Amino acid sequence: MIFSLMFAFIDLFIIIIFMAVYGRKKKYSEGMLLGVHIPAYAMQDPEVEAFLEDHNKRSKWFYAANVIISTAICFLNLFYFSAFITLWCLWLLFFCCGAFFLLFRDHRRMYDLKVKRGWQGASGSKIVVVDTNVSASGAKLPFSVLWHLPVLAAGTALTFVPGISRLMKYSASWIFILIFGSMFLLFFCMHLVTNRVRNKVYSNDSKINLQVNQLEKRVFSMVWLSGNYANLAAYAVFVYFTVKQEWMGSWALICYISIHTAVGLAVLAGMYYLSFKKKEILDTDDKPLFLDDDIYWKNGWYSNPNDKRLWVQDRFCSANYTTNMARPAGKILTIGMVAVVGVMLVWMCAMFLKIDLTPRYLKVEGEKVTVSAPFYSIDFNVDEIKDIELVDQLPEGSFTRTNGMSDNKQMLGKFEGKEAGELRMYIFRDYSPILKIELPDYTVYINSQKEGEAEQWYRELLLLRQSGALHGAESESMKGQSR
């Protein structure tokens, strides 16, 4: 249940971020509506008013429907995790595509309406305006990217804390290390792009331009810095609980996710603060300057063959950066990132479907015993068995999952108990009896959903073990007689 509620919260958080950035009620700002430059008087046009009302209504229904659908999908986790994760990935894919389709389609409709009405700059422009006073001051505007180095140093030191490297050999701890490294690179690169992006011109007044560019770069560079230090704090939580109890329990995981959630909230807070302060500054300007480059954004993405930049500030979200699709590198990078994410989602769904749908069984071939299961198969010789018995339930106490899967239906993989020691679990919950096989290095617990199968495995191993012991006794007797 905790896992379902946690995913429901994550889904709601994703939807709120998308709605705040792309789906909120559109207003006329900086000479634009839905990312299209139009004159202020066009806002009173009946066709624009009807168009805007229609867009806001569709957006509201789209996001409300996705809250209901995503919440319903989360509770599939109570039944089959593979079905849940597959449908969740499909939902996430359709939600992201739907949100961008809704925005880009109406952006193009707005652009076509502007061209039809012949409103200002409808034919596009190749003019690039640069305020040299702001450009000269650009290096002093943001916080330095060097402030990320303490995060890198501290994170590297935490990775080599005694106990972490040992757990990496047989647990899924490397996932959290990978998350830390990926988040660090993301925030560092976003900070680097923020610092190097070309300063924008908002006014004929250099003081106004300097104020707005300084505000934008300092706010966003602070957001990326704060994000990386929060990333370090979450990683420290992982290290602390991993070293203390050799895995993260539910509350530790909630704490870890909450810190990362705070990063998203900080980004949203930074965007709203920036929007408020920018409006405050620009409202004092009596010489505003709007550059009409809509022709390069007409499809929703940036495509300008006259611009040598690869990364440009996104038209719809100033905290985001997008590629120039007129450049081959822009196309390759965008398609490559989409392909990588797609492959990862397909791989994850296939992995969990395999875990849920692949049968598990115990097989004996000669002196070799194999426990077959997806990703966690093991084999051993009969003479390695120290003890074997049928039990009605698992031993009392809690088990720490070091590398495997545990949900409401099953326990699969490597576990560790405070008293039971190293374990290999192949358990379907609520099924008994359970076959317990004690080996020198760990103990195996396995059961079956088929009635009588666990008992059959027990009898088979017991007979094999007894025949092996008898064979061993005969060999010793023959050796004694030969002497």
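Look up a bit, the structure's there.
Reading guide: rules and limits
Residues numbered from 1 in each chain as written. Predicted model: local features only at pLDDT ≥ 70, side-chain atom pairs only at ≥ 80, totals over all residues. Heavy atoms only, no water. Phe/Tyr/Trp six-rings, centres within 6.5 Å; stacked < 30°, edge-to-face > 60°. Helix = DSSP H or I, 4+ residues; strand = E, 2+ residues; numbered from the N terminus. Buried < 20%, exposed > 50% of the residue type's maximum accessible area, 1.4 Å probe, protein only. Lys NZ or Arg CZ within 6 Å of the ring centre and 35° of its normal. Pairing = 2+ DSSP bridges. Axes fitted to C-alpha atoms, helices over the stretch in contact; angles between N-to-C directions. Core = buried A, V, L, I, M, F, W, Y, C linked by side-chain atoms within 4.5 Å. Contact = heavy atoms within 4.5 Å. Expected span 1.5 Å × (residues − 1). Polar contact = N/O pair within 3.5 Å; in protein donor to acceptor, adjacent residues only side chain to side chain. Patch = residues over 30% accessible without salt bridge, like charges linked within 9 Å, V, L, I, M, F, W, Y side chains within 5 Å. Areas by Shrake-Rupley, 256 points an atom, 1.4 Å probe, with all protein chains shown as cover. Salt bridge = Lys/Arg side-chain N within 4 Å of Asp/Glu carboxyl O. Parallel < 35°, antiparallel > 145°, perpendicular 65-115°, else oblique. Left-handed = near helix turned anticlockwise from the far one by under 90°. Nonpolar A, V, L, I, M, F, W, Y, C, P; charged D, E, K, R; others polar.

**Q** Hey, could you go over the packing of aromatic side chains for me, with residue numbers and the actual values?
**A** Within this structure, the stated rule accounts for 23 aromatic pairs. Between the aromatic rings of Trp-88 and Trp-91, the centroid separation amounts to 6.5 Å while the plane-to-plane angle is 45°, which identifies the pairing as tilted. Here Trp-88 pairs with Trp-91, and both are found in helix α3 (residues 81-117), just 3 residues apart, close to one helical turn. Taking the relative accessible area as the measure of exposure, Trp-88 reaches 10% and is therefore buried. With a relative accessible area of 6%, Trp-91 lands in the buried category. A cation over a ring is seen here: Arg-218 above Phe-143, with NZ or CZ 4.3 Å from the ring centre. Its end group placed over the ring of Tyr-442, Arg-424 keeps NZ or CZ at 4.2 Å from the ring centre.

**Q** Any details on the sheet that holds strand β5 (residues 361-365)? Residues and values, ideally.
**A** Taking strand neighbours across the sheet as the criterion, the 3 strands line up as β5-β6-β7 in an open arrangement whose pairing is antiparallel. The two strands at the open ends of the sheet, each matched to only one other strand, are β5 and β7 (378-381). Looking at each pair of strands side by side, their axes are set apart by 20° on average, direction ignored. Sheet analysis places strand β6 (residues 368-372) next to β7, joined by 4 bridges and oriented antiparallel. Bridge pairing in β7 links Val-369 to Phe-380.

**Q** Break down the nonpolar core for me, with residues and values.
**A** The biggest cluster of nonpolar side chains holds 97 residues, and the ones touching the most others in it are Met-110, Leu-362, Tyr-426 and Ile-437. Look past the residues within four positions of Leu-362 in its chain and what remains in contact with it is Val-369, Thr-370, Val-371, Leu-435, Ile-437, Ile-446, Trp-457 and Leu-461. One finds Val-391, Met-411, Phe-415 and Ile-434 within the second-largest nonpolar core, a separate group that totals 9 residues.

**Q** How would you explain helix α2 (residues 46-74) if you had to name every residue and give the values?
**A** Here α2 is 29 residues long and its end C-alpha atoms lie 43 Å apart, about the 42 Å a rise of 1.5 Å per residue gives. Where α2 begins, the side chain of Asp-45 points an oxygen toward the backbone nitrogen of Glu-47, at a separation of 2.8 Å.

**Q** Please set out a nonpolar patch on the surface residue by residue, giving values where relevant.
**A** Among the surface-exposed residues, Leu-87, Leu-90, Leu-93 and Phe-94 lie close enough to one another that they form a single nonpolar patch of about 380 Å² accessible area. Counting through the fold element by element, Phe-94 comes out in helix α3.

**Q** Any chance you could break down the environment of Thr-370 for me, citing the residues and the numbers?
**A** Topologically, Thr-370 is positioned in strand β6. Spatially, the C-alpha atom of Thr-370 lies 6.7 Å from that of Phe-380, the residues being 10 residues apart in sequence. Once you skip the residues sitting within four places of it in the chain, Thr-370 turns out to touch Tyr-361, Leu-362, Lys-363, Ile-378 and Asp-379.

**Q** Could you give an account of the packing of α3 against helix α10 (residues 328-357), with specific residues and numbers?
**A** Remark: α3 packs on α10, axes separated minimally by 8 Å, with the N-to-C direction vectors making an angle of 165°. With respect to their mutual orientation, α3 and α10 come out roughly antiparallel. Of the two elements, α3 crosses α10, and the hand of that crossing is left-handed. Mapping the contact onto sequence places Phe-81, Ser-82, Ile-85, Thr-86 and Cys-89 in α3 and Leu-345, Met-348, Cys-349, Phe-352, Leu-353 and Asp-356 in α10. In the contact of α3 with α10, the residues fall into 8 nonpolar, 2 polar and 1 charged.

Distances and angles like these do not, on their own, reveal function.
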